[in-house]
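Here's the letter readout for the chains.
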Amino acid sequence: MIIPFAPQLNQSTNQTDFLPESAESTKAAQLVEERFSTVSTDIPSIIVAQTKNMQKFSDNERQILKKLEEKIKLSKDIPIKNIISVFSLPEAKEEFESPSENTMTMIVNLSLESFDDFETIPVEVKKLRDLVSNETKSNNNLTVLVGGPGGLFADFIQVFQSIDRLLLIVTIVLVFTILLIIYRSPITAILPLLIVASIFLVAQGIIAFIDQETGDFLKVNGQSTGIMTVVLFGSGTDYFLFISSRFKEELSNTKDKHEAMKKTMQGVGGAVTSAALTIIVASSILLLCILKSYQSLGPVIGIAIFLMLIASITLIPSMLCILGRFSFWPVNLIPKNQNKNEGVYTKIAKLVINKPLTTLIITGSILLAMFTGLIGAKPTFDQLASLPNNADSVKSFELLRDGFNPGELAPVEVYVDFKSPEAVFKKENLDKIDILTNILASAEGIIRISSPTRPFGIDSPLGGADKIIKYLSSNDPSSFNIKSKVNSYTSPDKSISKFELILNENPYDEKGMDLIPGIRNHIKNQGPNSGIDLSTIYVGGETAVQYDTREAINRDQLIVLPIILLAIGLILMILLRSLIAPIYLCATIMFTYFSTIGISLLVFKFIFNQPFYTSSLPFFLFVFLNALGVDYNIYLMSRIKEEAKTKSISKATQIAVAKTGGVITSAGIILAGTFSALMVLPLTDLFQLGFAVAIGVIIDTFITRTLLVPAIVKLLGKYNWWPNKIIPSNK
């Protein structure tokens, strides 16, 4: 019932939707959405033109660009609000043309009904790009591209629209192939995919219902649904493997499939439940995040894994029990006594048990050596760095950076709310605006500023409160362009004024973001001199959004991640009824985490030519390695504890590693494979996350869980279960 009647899941690409309500850039965005544009939402795009030979524009090239502007103005297929360039506003030549006269920009404002209609952005931007291409392709010396905020939104939306379907297909094909290779049974390969795919559709439907009913509580983006896909398929397949592998083992000991399944669920049911609950608890803790893209990931993953847990303790055992030995066809299962544990994991287990200290030192040293990748590592908050290098928004930025200061691409926006209509154009308020303009111009990192009283920059002769009042009251046709420019810095009802600040740094990188707190402090200290109430001034724009995002990320990493680790430790404590084991198990998880980041950053830098890591990588990697890696901890330690009831700790550990080694390896390979599917997507954020989690799972599977943990268990002996005691029976 859920799947056919579920509404479509809405996904937001507006970054301010994911910031806390208290962030200043969020307040600025809300002000713009509510009152700066009362009928439609304006999406500014920047057309960047540059000569390939880097010489000045020829007369013919200028004519082509002028004709392009006229064609855009006359276009009926594209919702153009206005277009501003050096041709329509020659007074603003400094703003639209580089000093070397080989690079030119045109500002095209696309008018949409609302930002919620985001799916139309790439459609309209593509129309604009096609028009630009058709009008300029006749000249071989001109490169003309559409970028700016509109182009960037279009490129991001286009990428996110392709994520779910592509990722689902790649994940299913990859998991099926791995299962077929490992188990050589089409039933074992197909059955978990059918079950997990059904859960995926149900989870997506429930999330869509919740999204529809709760409004702003659950803001979902393409990244969240993409991550949910790989987590569900990876974890769901692992749970199936834990159950099917133990079922296969029990079928080798008994002919009765019902008795075999009963023993299977007695043996691994608790481990599977605990593993799923760990992810659910960790996901629930994400609700404490103030960054909504992290916060929304909690319910998305939690709902999916909860449904998978229900299926794991009901549907999966039922299906396997119905199929019985046919589940593993064409492999024949003949009941036999399992007195021998031959195989590679038996040999590894014996080696670890015989030389636990040597194993601990060698594996610890290998993992510690990977920490070197952390030296000098820096995150990037640059949205452009997430997109492929061949995206028009990225290439247009490179053109803009060659000809202009890179700050031209995304000015910092300062808004002043005068509350009442027409208040901006009152003489006393224009005087205040002009004083504030001069105050903002003196802030660190600002190379140019535009405002209602200085529409062409602070040094332009066409500025000042008195002159602007004259232009506004004039009916001279020559003043129309100036009026239009002034009006672009006010809301439709003239109650809000806008100031645009051009930074001397890339507005998308960390140096640009570092200027934002200085600008805000400058307003706090000098703003009162303008006579404007500071509570009505908001610093927004893309750079401010990036800065507020960084602050939210830092806060969430500092507060939320330790709580997740503590919760996982408590779950292990309850499951194992021990104080010692959870401590070293959490320590091994953290050791694996830092090793994974280190080796990943080395690979990013020296193999993939990515000198920076994306800002969300440490957070997501921590969550997934902790929540997913604990699955193998639980599975291994539960088996050790089970065997320790009848055997010595050495023998129990040896048997547990031999019995679970193949399953954990298979599960690890599948989980790593599902996350590596993220690497096919054209987003650096998801590429790096997919690679890092895959590497982390491999390290956890082959080193931490197979060598490091068994060595520690052997060394601690009876103290593993302190303060409880497990005394082997004579059975």
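Computed from a predicted structure; not experimentally measured.

Draft legend 1. Quick peek at the overall build of the chain. Each helix and strand in the chain was counted, giving 24 helices and 10 strands. Its C-alpha atoms give the chain principal-axis dimensions of about 105 × 50 × 50 Å. For the chain, buried positions account for 58% of its 731 residues. Nonlocal contacts in the chain, meaning residues at least 24 apart in sequence, comprise 81% of its contacts between residues at least 6 apart.

Draft legend 2. Local environment of the packing of aromatic side chains. Under the defined criterion, the tally for this structure stands at 14 aromatic pairs. A centroid spacing of 5.3 Å and a plane angle of 50 degrees characterise the contact between Phe-371 and Phe-591, whose relative ring orientation is tilted. Of this pair, Phe-371 sits in the loop between helix 13 (356-369) and strand 5 (379-380) while Phe-591 sits in helix 21 (residues 580-606), and the two are 220 residues apart along the sequence. Given a relative accessible area of 24%, Phe-591 falls into the partly exposed group. Among the aromatic residues, those joined into a cluster by ring pairs are Tyr-294, Phe-619, Phe-620, Phe-624 and Phe-675.

Draft legend 3. Focus on the pattern of salt bridges. Scanning all chains against the criterion turns up 27 salt bridges. Here Arg-129 makes a salt bridge to Asp-155, at a shortest N to O gap of 3.0 Å. In this pair, Arg-129 sits in helix 5 (residues 120-136) while Asp-155 sits in helix 6 (residues 148-183), placing the two residues 26 residues apart along the sequence. A salt bridge links Asp-700 to Arg-705; the nearest nitrogen and oxygen atoms lie 2.2 Å apart. Each of the salt bridges in this network shares a partner with another, and the network as a whole consists of Glu-249, Arg-639, Glu-643, Lys-647 and Lys-659.

Draft legend 4. Local environment of the sheet that holds strand 8 (residues 496-503). The four strands are arranged 7-8-6-9 in an open sheet whose pairing can be described as antiparallel. Where the open sheet ends on each side, the last strands, each with one partner, are strand 7 (446-450) and strand 9 (537-540). Neighbour to neighbour, the strand axes of the sheet diverge by 20 degrees on average, direction disregarded. Sitting on the sheet, helix 15 (residues 427-441) touches strand 6 (412-417), strand 7, strand 8 and strand 9, and the angle it makes with strand 8 is about 20 degrees. Against the sheet, helix 19 (residues 515-526) engages strand 6, strand 7, strand 8 and strand 9, with an angle of about 170 degrees to strand 9.

Draft legend 5. A nonpolar patch on the surface, seen in detail. Together, Leu-288, Leu-558, Ile-559 and Ile-563 give the surface a local cluster of nonpolar side chains, amounting to about 360 Å² of exposed area. Relative to the helices and strands, Ile-559 is located in helix 20 (residues 542-576).

Draft legend 6. Structural context of the side chain of Thr-51. With respect to the secondary-structure elements, Thr-51 resides in strand 1 (residues 41-51). What makes Thr-51 buried here is its relative accessible area of 1%.

Draft legend 7. Main features of helix 17 (residues 480-487). Listed as buried for helix 17 are Ile-482, Lys-483, Lys-485 and Val-486. Down the axis of helix 17, the buried set is contained in an arc of 160 degrees. They therefore lie on one face.

Draft legend 8. Geometry of the nonpolar core. Of all hydrophobic cores here, the largest spans 171 residues; its most connected members are Ile-564, Phe-624 and Met-637. At 17 residues, the largest contribution of residues to this core is made by helix 22 (residues 617-644). Setting aside residues up to four positions removed in sequence, Phe-624 forms contacts with Ile-227, Val-231, Leu-297, Ile-301, Gly-629, Phe-675, Leu-689 and Val-693. Counting residues in each nonpolar core, the second largest holds 35 residues, with Ile-78, Val-108, Val-132 and Leu-462 among its members.

Draft legend 9. Region of the structure containing the packing of helix 9 (residues 257-285) against helix 22. Between helix 9 and helix 22, whose axes approach to 9 Å, the crossing angle comes to 155 degrees. For the element pair helix 9 / helix 22, the angle class is roughly antiparallel. The interaxial crossing formed by helix 9 with helix 22 has right-handed handedness. Along the contact surface, helix 9 presents Gly-267, Val-268, Ala-271, Ser-274, Ala-275, Thr-278, Ile-279 and Ala-282, while helix 22 presents Ala-627, Leu-628, Val-630, Asp-631, Ile-634, Tyr-635, Ser-638 and Glu-642.

Criteria and thresholds
- Residues numbered from 1 in each chain as written.
- Predicted model: local features only at pLDDT ≥ 70, side-chain atom pairs only at ≥ 80, totals over all residues.
- Heavy atoms only, no water.
- Helix = DSSP H or I, 4+ residues; strand = E, 2+ residues; numbered from the N terminus.
- Buried < 20%, exposed > 50% of the residue type's maximum accessible area, 1.4 Å probe, protein only.
- Contact = heavy atoms within 4.5 Å.
- Phe/Tyr/Trp six-rings, centres within 6.5 Å; stacked < 30°, edge-to-face > 60°.
- Salt bridge = Lys/Arg side-chain N within 4 Å of Asp/Glu carboxyl O.
- Pairing = 2+ DSSP bridges.
- Axes fitted to C-alpha atoms, helices over the stretch in contact; angles between N-to-C directions.
- Patch = residues over 30% accessible without salt bridge, like charges linked within 9 Å, V, L, I, M, F, W, Y side chains within 5 Å.
- Areas by Shrake-Rupley, 256 points an atom, 1.4 Å probe, with all protein chains shown as cover.
- Arc of directions from axis to C-beta.
- Core = buried A, V, L, I, M, F, W, Y, C linked by side-chain atoms within 4.5 Å.
- Parallel < 35°, antiparallel > 145°, perpendicular 65-115°, else oblique.
- Left-handed = near helix turned anticlockwise from the far one by under 90°.

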